[in-house]
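Examination of the molecular architecture
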Amino acid sequence: MAELLFETYGIPSVAFGIDAAFSYKYNQQHGVCDKDGLALCPGFTTTHVIPFVDGEPIYKGCSRTNIGGFHVTDYLKQLLSLKYPHHIQRLTWEKVEDLKMEHCYIASDYASEARLFQKGTKEAEDKTRCWQLDWTPPPVEEPPSEEEIARKAAIKERQGQRLREMAEAKRSSRINELDNELRGLEFLLKQLGQVEEDKIPSFLKETGYVSKQEIEASVLKVTHSLRKAKGEPKGEPAEVEEKTDSSGNEKYPLVGVPDNMLTPEQLKEKKRQLFLKTTSDGRQRAKQKRFEEELERERKNKLDEEKRLENPELYLEQTRAKYKEISEKVEQRKRLKTNGNHSNGNNTSGGVGRGERLNAAQRERMRLLTTAAFDRGKGEDTFGAKDEDWQLYKLMSKDKDDDDEGPDEDEAELARISSRLQEIDPTFVPKLDLGPAQPTAEMPRFRPLTKEDFQILLGVERFRCPEILLHPCLVGIHQAGLDEMAGASIRRLPSTDKDLESRLTSSIFLTGGSCLYPGLTERLEAGIQMIRPSGSPIKVVRALDPILDAWRGAATQAASLQFPQQTFSRMDYYEKGEDWLRRYQFRYTI
């Protein structure tokens, strides 16, 4: 510091002093403390204890710990950030410093105070402080008036009427288009009946059709679409199937002819007709099956409606019980598919092997693949060279597990009952289908933010943070506290004067910004009394202004006539060097 001040800035002289000593001498002048005493100065990053004898500091008896107001503020900031992570941007260093100086205090008994807050008593609630952050309540929507409801209903009705009119116009246009198309096809069939046999191919080529059967199929399709657009009941699938069967021989004339009676070109045409016939028959069977399922569903709904009208309450109870039974059955089946069908109840962790997760058909496929891969030796890979190799794919395509393919009757019935319960029971909420590998869980509920969500409560933090001045080990600094430092400084002084210790403890002086916590004076008196003999006089006083008294004492010292003799000039620095500066001590003459 001296080298920087003298060589860089060229100042004429400088004096070095200790803030705690300046504050002690200033308050001694005002009668706050005696000539003999202890000055305790918890500063920003360090804490010092300096004994004074006959008004002079005894530096050999000083004590220091690396704990101060910085550590208290940092500890409070960490605790609040962990407690309120969503408001960490609001917890700036300056704001936490203000909260510390405004709300923190020293507990007379730390353990009992902590138990008080742990129990959550009324006294603990009274000691809790609340910091309300900026919060704007959401606007409260007033319920619409009857006039507003009626106006919205009228607008909705007009919009619905407009949509119905547009749908009716579109439906009429569609009916006219289909009607014209049907007339054109019928007229085309009538003309085709009047055309000579040898001119039929050229006539069909002009119309864009291949055969008469294609025109008749188009007529059936357009007729079906027209009846659907008019809202007329559909024709029975059986009737359509009969018509299809009656024209099947005409559409596929080569299907029933033996292969030895056909030319190579006709054999190709026969294969094509056979494929088309098989596809058409499959569609007809699927349509017939859907029609039967629809009839069965309507029959069950009709029976359910009759039961409901007879006894609504009993019907509702039975339907709920049936829904619960089937849903549990479906969930059990899904769990078995997920965890394996060979679980014996010993697997409580839910983890299963690959073999347990596979069903019977999948295990058979794995066996075939393993056989094909490892049973052919280590020679050249010739798989596919023989026709029997391709039989492996036919075996793999066979599905022997009926549970994985095809519609599940229980799930279909569960969907029907769920739809039925939604119609008759407004309080019914169907279960969500979360998939076979996920357990049924309740969806998280979100609530709007309230005023309490923007509050930061200071409870146990009020006395927990400044407690580190007396117990630095709470933040991992294994050093002595304020009361132990006072005892250590007393023990370091020479023991020639028997009454010196009593005079020192009779004037324990507190200065520095970190001594402003309420309760610190009483806590120090109790702590020092525990390390002193019984009956020893203990008196702890606080500076008139713990923050500015050090500056006032230094200003008073600088204004005195003896101050120029206490300074260290630039000439002394160049002549005597740094070694003399190390032995320099300022003499406080206030």
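Please read these numbers as outputs of a predicted model, since none were measured by experiment.

What to know about the overall build of the protein chain
Helix and strand counts for the protein chain stand at 23 helices and 10 strands. For the protein chain, the proportion of its 590 residues judged to be buried stands at 30%.

Quick look at unusual backbone geometry
A positive phi angle, near 55°, is found at aspartate 54, a position not held by glycine. Following the sequence through the fold, aspartate 54 ends up in the loop between strand E3 (47–53) and strand E4 (56–57). When its relative accessible area of 59% is taken as the criterion, aspartate 54 is described as exposed.

Quick look at the packing of aromatic side chains
Throughout the structure, instances matching the rule amount to 10 aromatic pairs. Ring geometry for phenylalanine 44 and phenylalanine 70: centres 5.7 Å apart, planes at 65°, overall edge-to-face. Linking phenylalanine 44 in the loop between strand E2 (37–42) and E3 with phenylalanine 70 in helix H3 (residues 69–83), this pair joins segments that are 26 residues apart in sequence. The rings of Phe6, Phe568, Tyr573 and Tyr574 are connected pair by pair, giving a single aromatic cluster.

Details of a nonpolar patch on the surface
A contiguous nonpolar surface patch, about 330 Å² in accessible area, is contributed by Met101, Leu516, Ile547 and Leu548. The residue leucine 516 is located in the loop between strand E8 (508–510) and helix H20 (520–531) in this model.

Some points on the environment of serine 514
Turning to its location among the elements, serine 514 is positioned in the loop between E8 and H20. Sequence separation between serine 514 and valine 72 is 442 residues; the distance between their C-alpha atoms is 9.0 Å. In terms of polar contacts, serine 514 uses its side chain to reach the backbone carbonyl oxygen of glycine 43, at 3.4 Å.

Details of the nonpolar core
Nonpolar side chains tend to gather and get buried jointly when the protein is soluble and globular. Leu40 and Leu524 are the most contacted members of the largest nonpolar core, which totals 41 residues. Secondary-structure elements contributing two or more residues to this core are E2, H3, helix H4 (93–103), strand E7 (455–458), helix H18 (482–492), helix H19 (500–505), E8 and H20. Examining the composition of this core, we find that five residues originate from one element, H3, more than from any other. Core analysis: the next-biggest nonpolar cluster, separate from the first, contains 23 residues, Ala2, Cys41, Phe509 and Ala543 among them.

Regarding H4
What H4 keeps buried is the set Val96, Leu99, Lys100 and His103. For H4, the angular spread of buried residues about the axis comes to 100°, placing them on one side. Facing away from the buried side of H4 by over 90 degrees, the exposed positions are Glu94 and Glu102. Against H3, strand E6 (129–132), E7 and helix H17 (461–464) lie the buried residues of H4.

Quick notes on helix H9 (residues 212–230)
Over its 19 residues, H9 extends 27 Å from the first C-alpha to the last, a length consistent with the 27 Å expected when each residue adds 1.5 Å. Among the residues of H9, those classed as buried are Ile215, Ser218, Val219, Val222, Leu226 and Ala229. Around the axis of H9, the buried residues are gathered within 105° of arc, so they sit on the same side. Structural note: H9 exposes Lys221 and Lys228 on the side pointing more than 90 degrees away from its buried face. The inward-facing, buried residues of H9 contact helix H7 (146–194) and helix H8 (200–207). Just downstream of H9, glycine 231 is the residue with a positive phi angle, here 80°.

Cut-offs used in this document
- Residues numbered from 1 in each chain as written.
- Predicted model: local features only at pLDDT ≥ 70, side-chain atom pairs only at ≥ 80, totals over all residues.
- Heavy atoms only, no water.
- Helix = DSSP H or I, 4+ residues; strand = E, 2+ residues; numbered from the N terminus.
- Buried < 20%, exposed > 50% of the residue type's maximum accessible area, 1.4 Å probe, protein only.
- Phe/Tyr/Trp six-rings, centres within 6.5 Å; stacked < 30°, edge-to-face > 60°.
- Patch = residues over 30% accessible without salt bridge, like charges linked within 9 Å, V, L, I, M, F, W, Y side chains within 5 Å.
- Areas by Shrake-Rupley, 256 points an atom, 1.4 Å probe, with all protein chains shown as cover.
- Salt bridge = Lys/Arg side-chain N within 4 Å of Asp/Glu carboxyl O.
- Polar contact = N/O pair within 3.5 Å; in protein donor to acceptor, adjacent residues only side chain to side chain.
- Core = buried A, V, L, I, M, F, W, Y, C linked by side-chain atoms within 4.5 Å.
- Arc of directions from axis to C-beta.
- Contact = heavy atoms within 4.5 Å.
- Expected span 1.5 Å × (residues − 1).

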